[in-house]
Amino acid sequence: ADVHFLVGGTQTNATVIDAILLPWQGVIAPHTGHINMHEAGIVERGGHKILDIPAKDGKINAADVKRIYSAWEGDGARDHMIAPALVYISQPTEYGTLYSLKELSAACHEHGLKLFVDGARLAYALTSPANDVSMADLARLSDVFYIGGTKCGTLFGEAVVIPERGSIRQFVTQMKQHGALL
């Protein structure tokens, strides 16, 4: 895997999303998701649209992801639309709910969508008795995730993990452009 260290969660989310998406692509996220509600519009400032979908207790489901993708795919004018290319979730969610292993693996890769797991609170998820998702599962099922420190008591620091080494080209350059290179 490629592992990169960044200072904080907002900077990490913006850097990862910009590194993955092409200019005409958007990110599917829960309407309650951190990137949609609590990051002062950083994703949009970077030029990417958030395609928000309903969430139940902070979680999105595979049927809604499929609905968004299918609506785009089936639209005759899709060349004039933002293309869904990435799914963003947080583990645990902003409500403290956990995605199960089954939920985590549903829908994304079926439609060629990449999966980004915001791990700002990942330590809480991994230590929860209700959790069935391991670090190895995250590495197997996601295209990128991060191990958060700032929301878990450290002074600073997030570790971005890109399981398939080299799959995000020039990530260090993206970090530099976002002022995130330590």
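Before reading further, recall that the structure is shown in the block above.
This write-up is about the structure you can find in this document.

Definitions and cut-offs
- Residues numbered from 1 in each chain as written.
- Predicted model: local features only at pLDDT ≥ 70, side-chain atom pairs only at ≥ 80, totals over all residues.
- Heavy atoms only, no water.
- Helix = DSSP H or I, 4+ residues; strand = E, 2+ residues; numbered from the N terminus.
- Rg over C-alpha atoms; globule rule 2.2 N^0.38 Å.
- Buried < 20%, exposed > 50% of the residue type's maximum accessible area, 1.4 Å probe, protein only.
- Contact = heavy atoms within 4.5 Å.
- Areas by Shrake-Rupley, 256 points an atom, 1.4 Å probe, with all protein chains shown as cover.
- Lys, Arg positive; Asp, Glu negative; His and termini not counted.
- Charge placed at Lys NZ, Arg CZ, Asp CG, Glu CD.
- Pairing = 2+ DSSP bridges.
- Axes fitted to C-alpha atoms, helices over the stretch in contact; angles between N-to-C directions.

**Thoughts on the overall build of the protein chain**
Turning to step 1, where the next piece is worked out: Summing up its helical and strand segments, the protein chain has eight helices and seven strands in all.
Turning to step 2, where the next piece is worked out: In terms of overall size, the protein chain behaves like a compact globule, its C-alpha atoms giving a radius of gyration of 15 Å where 182 residues would be expected to give roughly 16 Å.
Turning to step 3, where the next piece is worked out: When the 182 residues of the protein chain are sorted by exposure, 48% land in the buried category.
Turning to step 4, where the next piece is worked out: Restricting the contact set of the protein chain to residue pairs at least 6 apart, pairs at least 24 apart contribute 70%.
Turning to step 5, where the next piece is worked out: Carbon together with sulfur atoms contributes 55% to the accessible area of the protein chain, which is approximately 9,000 Å² in total.
Turning to step 6, where the next piece is worked out: Placing the 15 positive and 19 negative side-chain charges of the protein chain at their respective mean positions leaves the two points 2 Å apart.

**Section: the sheet that holds strand β6 (residues 144–148)**
Turning to step 1, where the next piece is worked out: Reading across the sheet, the seven strands line up as β1-β7-β6-β5-β4-β2-β3 and stay open at both edges, with mixed pairing between neighbours. The open sheet has two edge strands with one neighbour each: β1 (2–6) and β3 (50–53). Here the average twist between neighbouring strands, direction ignored, is 25 degrees.
Turning to step 2, where the next piece is worked out: By the bridge criterion, four bridges tie β6 to strand β7 (residues 158–162) in an arrangement that is antiparallel. Residue pairing across strands places Gly148 opposite Glu158, the latter belonging to β7.

**Brief notes about the side chain of Asp64**
Turning to step 1, where the next piece is worked out: Tracing the backbone shows Asp64 in helix α4 (residues 62–73).
Turning to step 2, where the next piece is worked out: The class for Asp64 is buried, based on a relative accessible area of 15%.
Turning to step 3, where the next piece is worked out: Setting aside chain neighbours within four positions, we find Asp64 in contact with Ile53 and Pro54.

Without other data, these values stay purely geometric and don't point to any function.
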